[in-house]
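Residue strings, one per chain:
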Amino acid sequence: ETWRRTVDALRAATDHGKCADVRLSYEFKPTDVVSRFAVVPSTGAALALVRDVDRARRFGLTLDLGHLLAAGENPAQSAEAVASAGALFGFQMGDAHSRLG
């Protein structure tokens with residue numbers, strides 16, 4: 001139910017007349033002690049979201065270096081996967097305060 005509602009809301013936003021010339025970019029955040037539960041906690045889930053929203057070149061992803069590290073992902077591999085899907089709209093590097101290990 002939550003996934004379907006998320007997809008429907010993002011489709012509605014992307015399809016809204018006022019967004020005709022706008023590309024919407026989603027930035028996933030992994031589950032942590034503050035958020036407690038994330039609908040889209042990883043690059044894989046974010047790519048599934050892009051697939052399900054199905055608005056090529058209008059809906060994509062912004063990857064956040066800190067979120068990738070917090071999710072235990074390899075940022076280069078995640079960026080390659082999203083870029084290969086044609087969905088890399090941005091990459092944020094300014095607030096990566098995560099530590100590995």
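Positions within a chain are numbered from 1, following the residues in the order the chain's sequence is written. In keeping with the model being predicted, local features are shown solely for residues with a pLDDT of at least 70 and side-chain atom pairs are shown and tallied solely at 80 or more, while totals for entire chains, interfaces and linings include all residues. Heavy atoms throughout the structure, all of them, feed into the side-chain values; hydrogens and water do not.

Draft legend 1. Geometry of the pattern of salt bridges. A pairing counts as a salt bridge when a side-chain nitrogen of Lys or Arg comes within 4 Å of a carboxyl oxygen of Asp or Glu. Going through the model one piece at a time under the given rule, you end up with four salt bridges. Across the pair Arg 4 and Glu 1 runs a salt bridge, and its minimum N-O distance is 2.9 Å. The exposure class of Arg 4 is partly exposed, given its relative accessible area of 43%. Only protein chains enter the accessibility calculation, which uses a 1.4 Å probe; a residue whose area is less than 20% of its type maximum is buried, one above 50% is exposed, and one in between is partly exposed. You can call Glu 1 exposed: its relative accessible area is 61%.

Draft legend 2. Representation of the packing of aromatic side chains in the model. Aromatic rings from Phe, Tyr and Trp, taking only the six-membered ring of Trp, are treated as a pair when their centres fall within 6.5 Å; an angle between ring planes under 30 degrees marks them as stacked, one over 60 as edge-to-face, and anything in between as tilted. For the structure shown, the criterion picks out zero aromatic pairs. Positioned above the aromatic ring of Phe 89 is the side chain of Arg 23, whose terminal nitrogen or guanidinium carbon lies 3.8 Å from the ring centre. The rule for a charge over a ring is simple: NZ of Lys or CZ of Arg within 6 Å of the ring centre, and within 35 degrees of the ring normal.

Draft legend 3. Representation of the nonpolar core. We define a nonpolar core as any set of buried Ala, Val, Leu, Ile, Met, Phe, Trp, Tyr and Cys residues linked to one another through side-chain atoms lying within 4.5 Å. Within the largest apolar cluster, 16 residues are counted, with the highest numbers of intra-cluster contacts made by Phe 28, Val 40, Leu 49, Val 53, Phe 59 and Leu 63. Of the residues forming this core, the biggest block, five residues, is contributed by helix H2 (residues 43-53). In this text, helices come from DSSP runs of H or I with a minimum length of four residues, and strands from runs of E with a minimum of two, each type numbered from the N-terminal end.

Draft legend 4. Structural detail: the sheet that holds strand E2 (residues 59-64). At least two bridges found by DSSP between two strands are what make those strands a pair. Spatial ordering of the open sheet is given by E1-E2-E3, a layout of three strands whose pairing is parallel. Where the open sheet ends on each side, the last strands, each with one partner, are strand E1 (24-26) and strand E3 (88-92). Averaged over all pairs of adjacent strands, the angle between strand axes in this sheet comes to 30°, irrespective of strand direction. Where E2 and E3 come together, four bridges link them in parallel fashion. Paired with Leu 63 across the two strands is Phe 91, which belongs to E3. Convention adopted: a line fitted to C-alpha atoms gives each axis, helices being fitted over their contacting stretch, and angles between N-to-C directions are expressed from 0 to 180 degrees.

Draft legend 5. Inspection of helix H1 (residues 2-15) at higher detail. The span one expects for a helix is its residue count, reduced by one, times 1.5 Å. Helix length check: H1, at 14 residues, gives a terminal C-alpha distance of 20 Å against a target of 20 Å (1.5 Å per residue), a fit within 8%. Of the residues making up H1, those classed as buried are Thr 6, Val 7, Leu 10 and Thr 14. On an axial view of H1, the arc spanned by its buried residues comes to 95°, and they lie on one face. Looking at the buried residues of H1, the elements they touch are E1, H2 and E2. The arc in question is the one spanned by the directions pointing from the helix axis to the C-beta atoms. Any two residues whose heavy atoms approach within 4.5 Å at even a single point are treated as in contact.

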